[in-house]
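Coordinate analysis (summary)
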Amino acid sequence: MPRVIAISNRTAADPSARAGGLAVALWDALRASGGLWVGWTGNLVDEPPRSAQWSQDEGVEFLLTDLTRAEYDAYYIGYANRTIWPVFHYRIDLAHFDSAYFDAYAAVNQRIANMVASKAQPDDLVWVHDYHFLLMADCLRRAGVGGPIGFFLHIPFPAPEIFQALPQHDWIARALSAYDVIGLQSEHDRVNLTRYLTEVCGGVETADGRIEVFGNLIRVKAYPIGIDPAAFEEAANSPEATEAATRLGRFLGGRDLVLGVDRMDYTKGLPERFAAVGQFFDAHPEFAGKVSVTQIAPPSRSKVEEYQDLRQQLDELAGRINADYSDLDWIPLRYLARPYSRDELAGLYRIARVGLVTPLRDGMNLVAKEFVTAQRPEDPGVLILSEFAGAAEQLPSALLVNPHDTQQMAEAIHQALIMPLDERQKRWKAAREVIEATDLTWWREAFLDDLRAVAKTPAKAALRAVAAKAG
Ligand code: GDG
């Protein structure tokens with residue numbers, strides 16, 4: 001079995017990061033192949049680090065680097081989170097375009113590529129993760145890595161017209177073409193990248209479904225990421241989950257729970273969701289005192305100005321809605337800006353009558369899958385899901401809404417609350433089956449199978465040999 005090298009901004013070098021989800025799925029693949037995981041330590045330093053930090057745990061090697069404060073500001077906060085993140089989520093209005101950010105981004109990609117090259121063997125499969133490392137394959141090739149390199153983008157790939165707003169879009173596209181496999185979350189994103197590579201870059205789709213562009217051959221494909229349903233169901237039945245559900249249950253006092261769980265991020269559609277809650281109570285006053293909405297929103301990236309603005313906006317909106325609708329013994333909207341453990345969250349999902357997952361854009365959205373998985377089959381709740389989340393392609397049995405249409409979301413809350421049991425069960429079962437069939441292991445193996453196939457593709461090897469000769 002070829003060794004897998006994973007590259008991601010944060011790794012699971014700290015055992016506490018192996019608590020669930022993606023980290024565990026990657027960890028298992030690395031452990032099985034005696035793999036190597038490369039990324040950032042999470043530490044900041046003043047001077048450029050002289051060398052990478054090597055360690056080993058359960059047969060998995062780690063090669064990590066500190067970032068300088070300047071790199072962190074320009075590469076991580078800057079290009080990754082103030083440029084790529086907003087543009088790829090269709091928020092050009094929030095993007096900061098600064099060529100110094102891009103220079104730092106390219107330099108960090110190259111620095112980490114050089115670390116990888118010092119350890120890589122010709123047979124290794126390199127699997128790069130997410131928007132921090134769009135240039136990584138090109139940097140690895142420059143550093144002499146010749147084996148198969150794959151990339152999985154966890155966030156959306158935008159429509160070509162939006163991507164072209166990035167001043168460095170052409171540079172990025174050429175660098176992307178150095179990957180052998182590019183994985184996206186949804187068909188929608190696959191079509192976006194394919195359109196860009198063919199319509200804008202002059203690429204051609206080959207008979208076997210790959211794209212030939214800039215002298216390279218790439219497989220561009222959707223691999224919708226999943227969760228581990230068995231582990232999540234277990235979490236939902238854990239003592240910690242039961243205790244959290246009991247505590248919230250005391251507050252609810254028999255009222256129905258409508259629940260949202262999102263990192264506090266402007267892509268998650270929280271202001272629109274809060275507005276929809278207000279409109280729901282306006283349109284359906286008979287539910288006053290009978291339903292409670294709880295939104296869990298742990299702050300994230302609070303160093304970025306746009307996130308501070310969002311926090312203020314949500315504080316004001318929640319305050320206004322509660323001032324307008326609360327009564328002596330009832331608060332319509334509880335908004336908790338703090339994290340809870342995975343088990344606690346699972347317990348809360350389990351007792352929710354309605355799950356509100358209404359991002360304005362989302363690569364996939366795992367909360368949607370977790371909510372469905374935690375439900376009780378005999379009396380399942382209803383998922384209200386944004387049509388602009390990647391998960392909507394897989395979960396058409398949810399109540400799909402346009403997250404900009406607050407009126408429609410308000411009506412969906414009403415529809416969910418009055419939905420008969422047999423319809424709830426039918427919708428839940430359909431969603432649950434998809435989540436089972438495309439779990440995290442399926443996702444990982446589907447991607448790695450395609451990456452393994454590259455090593456055996458003569459056409460690819462021939463193209464690379466030609467490119468190498470051309471220098
Ligand atoms: C990116 C893409 C894609 C939330 N609050 C707490 C907490 N969470 C957990 C949830 C869920 C995860 O965080 C969030 O995942 P999402 O998929 O919803 O969104 P992003 O963080 O934006 O993730 C996304 C994902 O990558 C995977 O490819 O689906 O589209 O944007 O698991 O449960 N976990 C804990 N405490 C909290 O308070 N422990």
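Residues numbered from 1 in each chain as written. Predicted model: local features only at pLDDT ≥ 70, side-chain atom pairs only at ≥ 80, totals over all residues. Heavy atoms only, no water.

What to know about helix H3 (residues 99-117)
- Across its 19 residues, H3 extends 27 Å between first and last C-alpha, which sits within 8% of the 27 Å expected from 1.5 Å per residue.
- Regarding H3, the residues found buried are Tyr101, Phe102, Ala104, Tyr105, Ala106, Val108, Asn109, Ile112, Ala113, Met115 and Val116.
- Where H3 is buried, its residues contact strand S1 (4-10), strand S2 (36-45), strand S4 (60-68), helix H2 (69-88), helix H4 (136-142) and helix H6 (169-176).
- If you check the start of H3, you find a side-chain oxygen 2.8 Å away from the backbone N of alanine 100, and it comes from aspartate 98. (Helix = DSSP H or I, 4+ residues; strand = E, 2+ residues; numbered from the N terminus. Expected span 1.5 Å × (residues − 1). Buried < 20%, exposed > 50% of the residue type's maximum accessible area, 1.4 Å probe, protein only. Contact = heavy atoms within 4.5 Å. Polar contact = N/O pair within 3.5 Å; in protein donor to acceptor, adjacent residues only side chain to side chain.)

Section: the domain arrangement of the protein
- When its domains are assigned, the protein resolves into domain 1 (4-226 + 440-470) and domain 2 (229-437).
- The gap between the C-alpha centroids of domain 1 and domain 2 is 32 Å.
- Tallying the contact residues gives 26 residues for domain 1 and 22 residues for domain 2.
- With both sides pooled, the region where domain 1 packs onto domain 2 buries about 1800 Å², and carbon together with sulfur makes up 58% of that total.
- Measuring nitrogen to oxygen at the nearest pair gives 3.7 Å for the salt bridge that ties glutamate 306 to arginine 82.
- For the pair domain 1 and domain 2, the interface holds 7 residue pairs in polar contact (both at pLDDT 80 or more).
- In terms of residue count, the dominant contributor to the side of domain 1 that touches domain 2 is H2 (6 residues). (Domains from an automatic or database assignment. Buried area = accessible area lost by both parts, 1.4 Å probe. Salt bridge = Lys/Arg side-chain N within 4 Å of Asp/Glu carboxyl O.)

Overview of the packing of helix H10 (residues 270-283) against helix H11 (residues 305-325)
- Taken N-terminus to C-terminus, the directions of H10 and H11 make an angle of 5°; their axes are 10 Å apart at the nearest point. It follows from the interaxial angle that H10 and H11 lie roughly parallel. Facing H10, whose interface residues are Leu270, Pro271, Phe274, Ala275, Gly278, Phe281 and Asp282, H11 presents Leu310, Gln313, Leu314, Leu317, Ala318, Ile321 and Tyr325.
- Here the residues of the contact of H10 with H11 are counted per class, giving 11 nonpolar, 2 polar and 1 charged. (Axes fitted to C-alpha atoms, helices over the stretch in contact; angles between N-to-C directions. Parallel < 35°, antiparallel > 145°, perpendicular 65-115°, else oblique. Nonpolar A, V, L, I, M, F, W, Y, C, P; charged D, E, K, R; others polar.)

Concerning the side chain of serine 33
- Counting through the fold element by element, serine 33 comes out in helix H1 (residues 22-33).
- Excluding residues within four positions of it along the chain, serine 33 makes contact with Met1, Pro2, Arg3 and Val4.

Focus on the pairing of strand S10 (residues 216-222)
- Taken together, the 4 bridges between strand S7 (residues 181-184) and S10 define a ladder with parallel strand orientation. By the bridge assignment for S10, valine 181 is matched with arginine 219. (Pairing = 2+ DSSP bridges.)

Focus on the site of the ligand
- Lining the immediate environment of the ligand, one finds 21 residues, of which His154, Tyr340, Asp362, Leu366 and Glu370 sit closest.
- Between the ligand and the protein, one listed contact pairs an oxygen atom with a side-chain N or O atom of arginine 263 at 2.9 Å.
- The separation between an oxygen atom of the ligand and a polar side-chain atom of lysine 268 is 3.1 Å.
- Isolated, the ligand exposes 730 Å² of accessible area, and the fraction of that covered by the protein chains is 79%.
- When residues of the shell around the ligand are traced back to their parent elements, those giving at least two are helix H12 (342-351) and helix H13 (366-374).
- Among the residues making up the shell around the ligand, the classes are represented as 11 nonpolar, 5 polar and 5 charged. (Near = heavy atom within 4 Å. Areas by Shrake-Rupley, 256 points an atom, 1.4 Å probe, with all protein chains shown as cover.)

Brief notes about the pattern of salt bridges
- Under the defined criterion, the tally for this structure stands at 30 salt bridges.
- Among the salt bridges present, the one from glutamate 71 reaches arginine 111, with a minimum N-O distance of 2.9 Å. Taken as a pair, glutamate 71 in helix H2 and arginine 111 in helix H3 lie far apart in primary sequence, 40 residues in all.
- Between glutamate 187 and arginine 190 there is a salt bridge, with its nearest N and O atoms 3.0 Å apart. Of the two residues, glutamate 187 and arginine 190 both sit in helix H7 (residues 187-200), 3 residues apart, roughly one turn of that helix.
- Taken together, the salt bridges that share partners define one network made up of Arg444, Glu445, Asp449 and Arg452.

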